[in-house]
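Listed below are the residues making up each chain.
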There are 2 protein chains.
Amino acid sequence: MGIKAELNRQQILETADGLFYRQGYDHTSFTDIADAVGIARGNFYYYFKTKDEILSAVISKRSENARQTLQEWDKEFPDARDRLKRYIQTLTQHKDAIEQYGCPLGSLCTEMAKLQHSQQDDANKLFEIFRNWLVEQFSLLGHKNDAVQLALHLQARTQGVALVTNAYRDQAFLQNEAKDLEDWVDQL
Amino acid sequence: MGIKAELNRQQILETADGLFYRQGYDHTSFTDIADAVGIARGNFYYYFKTKDEILSAVISKRSENARQTLQEWDKEFPDARDRLKRYIQTLTQHKDAIEQYGCPLGSLCTEMAKLQHSQQDDANKLFEIFRNWLVEQFSLLGHKNDAVQLALHLQARTQGVALVTNAYRDQAFLQNEAKDLEDWVDQL
DNA sequence: GTCTATATACGGATAGAC
DNA sequence: GTCTATCCGTATATAGAC
């Protein structure tokens, strides 16, 4: 594959990723993606043979990004408590997008479940990357026995905040809950 | 409208409601509903002229059901604390459905947001029925100043639990969180 | 690598016989 | 009230010229 093809492939992936997030996977057509990228619909199939293939590539890309982000946090914050706080701050960091479109991970998992899509498990594994990392952090803080429970709890809290913020278009609520969660981490 | 028409209309509504919940609104076709009810696709339009009209009727029906349920809880439980616990027990009550399909309200609001659907506000109002009722209960418990905040908090927690339970197919987590929430209500 | 043209299926929606 | 037949738009996907 040439350098130009690789560039276009990446561009298609990024565009598709954004559209899947904002419009949902099922509701996004090839035409939507092609128009946004600026290539012809027909040329599309040179890069991806099926829509599922694009989804697969998008999920892979998101997984890579997730792993890289978590690795960076590991390097940046020596204290597990600070890492957990950084995780929570993702909410405030993306508050505008969350208000409009919810959480990209959570809404994808929800949609895959409804569609009974074959890549439902792949989407959930993306979710698990964060969960496993959270388990690690809680373990480091001495919560050996209930690390999994705490990780799931935090993940559920953030998902709930994202969903409610999106439904009510209420950023103030997001800010309040983010603060509560940071306090909760402090008091662990 | 005759008695037979009214019966069929109700049957279509209930079937559509269930399919919208399990498959999502956008992903459910007239064919799906017609097949499930057992009537011809063409006959469908005798009852509902557009797909949006079915959605509108489904949301209205869900609203009525919600108001009725909350009214029953008000009668059954004189103590606001018991009412809040009953609300939380909805999670365990519907644990099988939540595991498979998530929360019918939350997932509908999420989908309406992605589709930028004209009835997004109507779906959110359904969400608000519960929020306003929760505000009332927290107010009755003496939390005049932070009743809204507490109501949103509880709603977000339940939504987060439903989403995560659905993604991980983990009923044990749902049970744990439901217990934690009941304890939280006790300690208010 | 990129384009146009097109095959094919399915979606919502309508018309009209019965 | 119920059915069949059909219109029309859009979706995925393919073929093949350039």
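Above this text sits the structure in question.
Remember, predicted model here, so these are calculated numbers, not experimental data.

### As for the overall build of chain A
Now for step 1: When its secondary structure is counted, chain A shows ten helices and zero strands.
Now for step 2: Along chain A, helices (α) and strands (β) appear in the sequence α-α-α-α-α-α-α-α-α-α when read from the amino end.
Now for step 3: When its C-alpha atoms are laid out on the principal axes, chain A stretches across 55 × 35 × 30 Å.
Now for step 4: Expressed as a percentage of its 188 residues, the buried residues of chain A come to 54%.
Now for step 5: For chain A, the share of sequence-separated contacts (at least 6 apart) that also reach a separation of at least 24 residues comes to 67%.
Now for step 6: Carbon and sulfur atoms provide 46% of the accessible area of chain A, an area that totals close to 8,800 Å².

### Comments concerning the protein's contact with DNA strand D
Now for step 1: Close to DNA strand D lie 17 residues; Tyr45 of chain A together with Gly2, Ala5, Tyr46 and Tyr47 of chain B are nearest.
Now for step 2: Considering the 4 Å shell around the protein, atoms of DNA strand D inside it are sugar or phosphate in 61% of instances.
Now for step 3: Gly2 of chain B has a polar backbone atom sitting 3.1 Å from a phosphate oxygen of DNA strand D.
Now for step 4: Ala5 of chain B is positioned with one of its backbone polar atoms (N or O) 2.9 Å from a phosphate oxygen of DNA strand D.
Now for step 5: In terms of residues, the surface near DNA strand D owes the most to one element, helix α1 (residues 3–23) of chain B, which gives four residues.
Now for step 6: Here the surface near DNA strand D is composed, by residue class, of seven nonpolar, eight polar and two charged.

### Let's talk about the interface of chain A and chain B
Now for step 1: Listed as interface residues are 38 residues of chain A and, on the opposing side, 38 residues of chain B.
Now for step 2: The contact between chain A and chain B buries some 3,300 Å² in all, and 57% of this surface belongs to carbon and sulfur atoms.
Now for step 3: Contact with chain B buries area across many residues of chain A, yet Lys114, Leu163 and Tyr168 of chain A alone supply 23% of it, more than any other trio.
Now for step 4: Inspection of the region where chain A meets chain B yields zero salt bridges.
Now for step 5: Linking chain A to chain B there are 18 residue pairs in polar contact (both at pLDDT 80 or more).
Now for step 6: If you list the elements that add at least two residues to the side of chain A that touches chain B, you get α1 (3–23), α7 (104–115), α8 (120–140), α9 (147–168) and α10 (171–186) of chain A.
Now for step 7: Ranked by the residues each element gives to the side of chain A that touches chain B, the list is headed by α9 of chain A, at 14 residues.
Now for step 8: Across the side of chain A that touches chain B, the residue classes break down as 14 nonpolar, 15 polar and nine charged.

Rules and cut-offs
Residues numbered from 1 in each chain as written. Chains lettered and ligands numbered in written order. Predicted model: local features only at pLDDT ≥ 70, side-chain atom pairs only at ≥ 80, totals over all residues. Heavy atoms only, no water. Helix = DSSP H or I, 4+ residues; strand = E, 2+ residues; numbered from the N terminus. Buried < 20%, exposed > 50% of the residue type's maximum accessible area, 1.4 Å probe, protein only. Contact = heavy atoms within 4.5 Å. Areas by Shrake-Rupley, 256 points an atom, 1.4 Å probe, with all protein chains shown as cover. Near = heavy atom within 4 Å. Polar contact = N/O pair within 3.5 Å; in protein donor to acceptor, adjacent residues only side chain to side chain. Nonpolar A, V, L, I, M, F, W, Y, C, P; charged D, E, K, R; others polar. Buried area = accessible area lost by both parts, 1.4 Å probe. Salt bridge = Lys/Arg side-chain N within 4 Å of Asp/Glu carboxyl O.

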